[in-house]
Amino acid sequence: MRKKIVAGNWKMNNDLAETEMFLVELKKQVFPENVVVMIAPSFTNLNHAFRSLREHPVKIVAQNMHQSNEGAFTGEISAKMLKSVGTNTVIIGHSERRAYFKEDSAILADKVNTALENEMTAIFCIGEELEDRKKENHFQLIKTQLSEGLFHISDAAWENIIIAYEPVWAIGTGETASPKQAQEMHKFIRKTVAENYTEEIANNVSILYGGSVKPDNASEIFGQEDVDGGLIGGASLKVNSFMEIVNAFEKETGNRT
Ligand code: PEP
């Protein structure tokens, strides 16, 4: 059965002292049992967060990693390094990595392979630009991102995959896909997985929505049948707003059965 997940992507925010302040507050919170909660601090704070949250049901996630297992890649971080500091999950293919660091589908497919070889879970991000949506090319683009980055993996590997649908036009802009738009795309993604693998795999994969999710819109988005939670940027930087989103499943107003 697929899991409900809320993952906070801190991006390049929060130094050690700020991370520590966040963790102190986070540890005072009561976490719902039916939601997997994740935070993705910067590389430099992963181990600190892992040690600090050892007794708490919060997973520590990396925002990126290199596709090679080791070698002459100055400034890069490997899967083995992440695992050694307590991180078993990694975000791959965030739109900022695709746009600013020129990570194309071939690189992302390699990163997925490296994560899986190292028994890590990959949160694989896909999403269209506004132009694609205006040209009504968004479904085709999502299909291509899925097939080029993910559809080479084995059936068994899907156990370690989470998909995050993040329309680029909604990331950090305050613009959110409507619950209907999110549901429509999530349903399409699930159907595409089913066509390329099996219904069972498609039904079991968690598909998160990301793009300006806030406390006041989370419950309606999470209430959609094929939305299994969120990848949260800006609103994950404050414990209060993050926890309101984590708890938004309880207030679901949508069509989940
Ligand atoms: C993100 O960075 O993945 C994201 C969804 O950001 P925001 O919530 O700030 O739009």
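Residues numbered from 1 in each chain as written. Predicted model: local features only at pLDDT ≥ 70, side-chain atom pairs only at ≥ 80, totals over all residues. Heavy atoms only, no water.

1. A short note on the overall build of the protein
Okay, step 1: Within the protein one finds eleven helices and eight strands.
Okay, step 2: The C-alpha atoms of the protein give a radius of gyration of 17 Å, which matches the 18 Å a tight globule of 257 residues would have.
Okay, step 3: Seen through its principal axes, the protein has C-alpha atoms that stretch 45 × 45 × 35 Å.
Okay, step 4: Within the protein, the fraction of its 257 residues that count as buried is 53%.
Okay, step 5: Across the protein, the fraction of contacts at a sequence separation of at least 24, relative to all contacts at a separation of at least 6, is 73%.
Okay, step 6: Surface exposure of the protein reaches about 12,100 Å², of which carbon and sulfur atoms provide 49%.
Okay, step 7: Here the protein contributes 27 positively and 36 negatively charged side chains, and the mean placements of these two sets differ by 2 Å. (Helix = DSSP H or I, 4+ residues; strand = E, 2+ residues; numbered from the N terminus. Rg over C-alpha atoms; globule rule 2.2 N^0.38 Å. Buried < 20%, exposed > 50% of the residue type's maximum accessible area, 1.4 Å probe, protein only. Contact = heavy atoms within 4.5 Å. Areas by Shrake-Rupley, 256 points an atom, 1.4 Å probe, with all protein chains shown as cover. Lys, Arg positive; Asp, Glu negative; His and termini not counted. Charge placed at Lys NZ, Arg CZ, Asp CG, Glu CD.)

2. Concerning the packing of aromatic side chains
Okay, step 1: Using the criterion set out here, one finds seven aromatic pairs in the structure.
Okay, step 2: With a centroid separation of 5.1 Å and an interplanar angle of 70°, the aromatic rings of Trp158 and Tyr197 are classed as edge-to-face. Residue Trp158 is found in the loop between helix H7 (138-149) and strand S6 (161-165), and its partner Tyr197 is found in the loop between helix H8 (179-196) and helix H9 (199-204); the two are separated by 39 residues along the sequence.
Okay, step 3: Taking the relative accessible area as the measure of exposure, Tyr197 reaches 14% and is therefore buried. (Phe/Tyr/Trp six-rings, centres within 6.5 Å; stacked < 30°, edge-to-face > 60°.)

3. Examining the pairing of strand S8 (residues 229-232)
Okay, step 1: Judged by which residues are buried, S8 turns out to be covered on both faces: Gly229 and Leu231 on one side and Gly230 and Ile232 on the other are all buried.
Okay, step 2: In this sheet, S8 lies alongside strand S1 (residues 4-9) in parallel orientation, the contact comprising four bridges. Its bridge partner lying in S8, Ala7 is registered against Leu231. (Pairing = 2+ DSSP bridges.)

4. Focus on the site of the ligand
Okay, step 1: Near the ligand lie 14 residues; those nearest to it are Lys11, Glu166, Gly172, Ser212 and Gly234.
Okay, step 2: Between the ligand and Glu166 there is a distance of 2.6 Å, counted from an oxygen atom to a side-chain nitrogen or oxygen.
Okay, step 3: Contact between the ligand and Gly172: an oxygen atom at 2.7 Å from a main-chain N or O atom of the residue.
Okay, step 4: Coverage of the ligand by the protein chains reaches 98% of its 290 Å² of free accessible surface.
Okay, step 5: Split by residue class, the shell around the ligand holds four nonpolar, eight polar and two charged. (Near = heavy atom within 4 Å. Polar contact = N/O pair within 3.5 Å; in protein donor to acceptor, adjacent residues only side chain to side chain. Nonpolar A, V, L, I, M, F, W, Y, C, P; charged D, E, K, R; others polar.)

5. Focus: H8
Okay, step 1: Between its terminal C-alpha atoms H8 stretches 26 Å, which fits the 26 Å expected from 18 residues at 1.5 Å a residue.
Okay, step 2: Taken as a whole, H8 has its buried residues at Pro179, Ala182, Gln183, Met185, His186, Phe188, Ile189, Arg190, Thr192, Val193 and Ala194. (Expected span 1.5 Å × (residues − 1).)

By themselves, these observations are geometric and do not establish any function.
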